[in-house]
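Remarks on the overall topology
So the chains spell out like this:
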Amino acid sequence: MSRLSMLSTGIKENTKLGRTRRALRRFYAQRYLQLFAILGFVYMVIFSYLPMFGIQIAFKSFKPAMGFFGMFTAPLAPENGFYHFNTFFRDPNFSTVMRNTLLLSLLKLTLSFPVPILFALVINEMRGSFCKRIVQTVSYLPHFISWVIVYGLIFNFFNTSNGVINSLLQMAGMEKIEFLTGREYYYTLAVVSDIWKEMGWWSIIFLAAISGIDQTQYESARVDGASRMRCIRSITLPNISGTIIIVLILSIGSLMAGGMGGSNFDQSYLMGNTVNYTRSVTLPYYIYEMGLTKFRFSYATAIGLFQSLISLFLVFTSNFVSQKLTGHSFF
Amino acid sequence: MASSKSHIRRGTEDRLISLVVGVVMLLVFVATIYPFWYSILLSFNEGTDALRGGIYFWPRKFTMDNYAAVFGIEYVPTAFVVSVSRTLLGTVVAVAFTGLFAFACSHKRLMFRRFYITAMIIIMYFSGGLIPQYMLYKELKLMNTFWVYIIPNLFASFNAIIMMNFFREIPESLEESARLDGANDLRVFFQIILPISKPLFATMALYSGVWHWNAWTDSAFFVTDKNLKTLSNVMITLINQSESAAQTVFGQINQREITYTAMTLRPAAMVICVVPIVIVYPFLQKYFVKGLLIGSLKD
């Protein structure tokens with residue numbers, strides 16, 4: 001065999017066998033990096049992807065005793081697998097759960113969402129930088145405190161035996177009010193505490209957007225005699241509209257969970273009780289209640305899937321609408 | 001004439017806005033700080049004295065006993081130990097695990113890089129939900145063990161993205177020269193990347209630490225053993241403790257003829273839960289604005 005033909009077979013080898021060999025060599029050279037990446041990937045498969053496939057029990061007659069892999073082998077539920085979904089729609093609690101979830105989420109969207117924007121505008125209008133820093137720093141402290149503690153603070157203020165508000169009412173000669181068990185107070189408590197906890201935190205993102213605005217715009221507006229209100233309306237707001245839209249889409253996507261703070265479950269669990277149940281129960285809490293206290297696993301998963309589908313629908317719709325109306329979109 | 005008129009108008013509007021701004025800021029300040037201050041002053045006040053009411057700005061009968069008493073309540077000392085250990089261990093392993101994954105994926109030369117990153121992004125938006133998670137932990141025998149606090153929280157996509165963005169900024173020449181000297185990727189990570197990424201790891205550790213310290217749902221869902229509950233979880237029962245029930249629970253620690261009341265023990269326990277966060281708060285603050293912006297706008 002001549003050297004030339006040897007060379008040509010070598011080239012041929014290079015195209016097939018050689019390529020795999022080179023890939024293997026490359027893989028071996030970065031074996032440590034691959035190890036870290038594969039470890040992370042295996043972890044995701046076990047702790048995220050396997051449970052994702054477990055969602056199929058929403059369409060099956062699954063019993064906790066069947067074990068983890070029983071989720072994949074359990075028999076199909078009646079009514080073509082839609083038994084648990086239909087059970088939920090027939091559930092006497094269905095309208096209560098849906099009403100609370102939707103009303104609370106809409107209240108949080110219409111109040112918890114614009115308040116941080118207004119707060120950011122107010123902070124921006126503040127002149128003294130020392131006071132500005134103090135108030136700002138203080139305002140996002142509640143974000144880092146757990147809902148358990150926030151509930152404790154609420155309890156200190158609103159309980160009937162020695163809460164601040166009821167003590168003051170009593171001093172004024174008025175009747176005590178059962179804030180924590182009274183059905184009619186739950187929505188107010190939930191929305192106000194949500195704003196209290198997250199207002200400062202979400203204002204950061206809007207403040208960052210405001211600080212990115214070109215200052216010459218304000219200067220030329222002021223030369224033209226524009227007032228402070230006019231500057232806010234015609235310069236600040238239009239400049240941060242992109243950020244506002246993105247945060248709006250994000251919060252509409254997490255509407256079922258309770259908006260940006262995602263507080264529906266924590267609030268239902270902590271501030272809910274047997275007396276105000278008809279107002280405090282929300283979808284995330286109902287999933288927990290059906291699943292982990294009543295052990296109706298397939299049923300709870302079906303409700304969870306129902307909730308995820310609504311959220312997905314909301315994200316895509318709000319994204320689509322905002323793209324059509326304003327040109328800003330998230331995807 | 002006209003111009004001076006508009007000048008005056010702008011002056012009054014200006015002052016009005018400044019007034020509104022000042023009032024709003026003061027209100028926000030008081031509304032945020034006072035609930036915490038009220039808890040602090042109650043926690044330093046004697047229990048039965050507090051029941052008489054009228055304490056709003058300063059402790060009336062100062063005492064430190066409430067804090068000692070909180071640690072006398074059943075399950076609080078164990079819960080404190082559980083919370084501290086899960087925070088320390090959970091933070092270290094989570095930052096290391098997520099950090100190594102992020103380090104690997106920050107290299108363009110990594111094979112299957114897009115695949116790994118896509119896998120990571122998908123799990124940010126989709127999850128199996130509560131029940132499949134519960135079944136998994138049961139299968140893995142994590143139920144009712146300390147490890148249910150640690151292992152399921154090893155990896156966080158959000159933190160991985162922040163870390164990847166940071167590692168990508170490190171000049172490649174730095175790594176390249178070390179590799180020419182014969183160092184492998186493992187050594188590069190520990191001897192070059194780790195030392196210059198200290199602020200990043202500190203930030204991630206703070207995020208993760210605060211999260212672990214506050215976490216209470218995992219303890220409520222997956223742990224029934226009362227000796228393994230976290231402090232946040234034990235707090236729930238403590239907060240809901242009524243005054244009469246408190247007398248029977250706290251009765252056993254009435255040793256020096258001091259009567260403890262739920263009204264002052266509750267805030268003392270709450271203060272203990274909040275103090276670690278307030279301590280790390282200045283450090284948290286230094287970096288989190290940047291982190292929040294990267295996380296929300298770049299992905």
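Quick notes on the interface of chain B and chain A
Of the residues lining the interface, 73 residues belong to chain B; the matching set on chain A comes to 63 residues. Sorting the residues of the side of chain B that touches chain A by element identifies helix 1 (2-43), helix 4 (76-105), helix 5 (113-125), helix 6 (130-139), helix 9 (185-196), helix 10 (198-214), helix 12 (231-240) and helix 14 (262-297) of chain B as the ones contributing at least two each. Ranked by residue count, the leading element in the side of chain B that touches chain A is helix 1 of chain B, at 16 residues. Here the side of chain B that touches chain A is built from residues that sort into 50 nonpolar, 14 polar and nine charged.

Details of unusual backbone geometry
Residues and elements named next belong to chain B. The backbone of Tyr 75 sits at a positive phi, close to 70°, despite the residue not being glycine. Structurally, Tyr 75 is set in the loop between helix 3 (65-70) and helix 4. Its identity is not glycine, yet Lys 141 carries a phi of approximately 60°, on the positive side. Relative to the helices and strands, Lys 141 resides in the loop between helix 6 and helix 7 (157-169).

A closer look at the domain arrangement of chain B
All names here are of chain B. Each assigned domain of chain B is listed here: domain 1 (2-71 + 241-297) and domain 2 (76-227). Residue contributions to the side of domain 1 that touches domain 2 peak at nine residues, all from helix 14. Residue classes in the side of domain 1 that touches domain 2 are distributed as nine nonpolar, two polar and no charged.

Thoughts on helix 12 (residues 215-223) of chain A
Working note: α-helix, 3.6 residues per turn, so residues spaced by three or four point in the same direction. Burial analysis of helix 12 of chain A places just zero of its nine residues in the buried class, a small minority of the element. Where helix 12 of chain A terminates, the next one or two residues include Gly 225 of chain A, which has phi positive at roughly 85°.

A closer look at the environment of Pro 78 of chain A
Residue and element names in this part refer to chain A. Turning to its location among the elements, Pro 78 is positioned in the loop between helix 4 (70-73) and helix 5 (83-90). A tally of 12 C-beta atoms within 10 Å means that Pro 78 is categorised as exposed. When the C-alpha atoms of Pro 78 and Lys 60 are compared, they prove to be 8.1 Å apart, with 18 residues separating the residues in sequence.

Reading the values: the criteria
Residues numbered from 1 in each chain as written. Chains lettered and ligands numbered in written order. Predicted model: local features only at pLDDT ≥ 70, side-chain atom pairs only at ≥ 80, totals over all residues. Contact = placed C-beta atoms within 7 Å. Helix = DSSP H or I, 4+ residues; strand = E, 2+ residues; numbered from the N terminus. Nonpolar A, V, L, I, M, F, W, Y, C, P; charged D, E, K, R; others polar. Domains from an automatic or database assignment. Buried ≥ 20, exposed ≤ 12 C-beta atoms within 10 Å, placed from the backbone.

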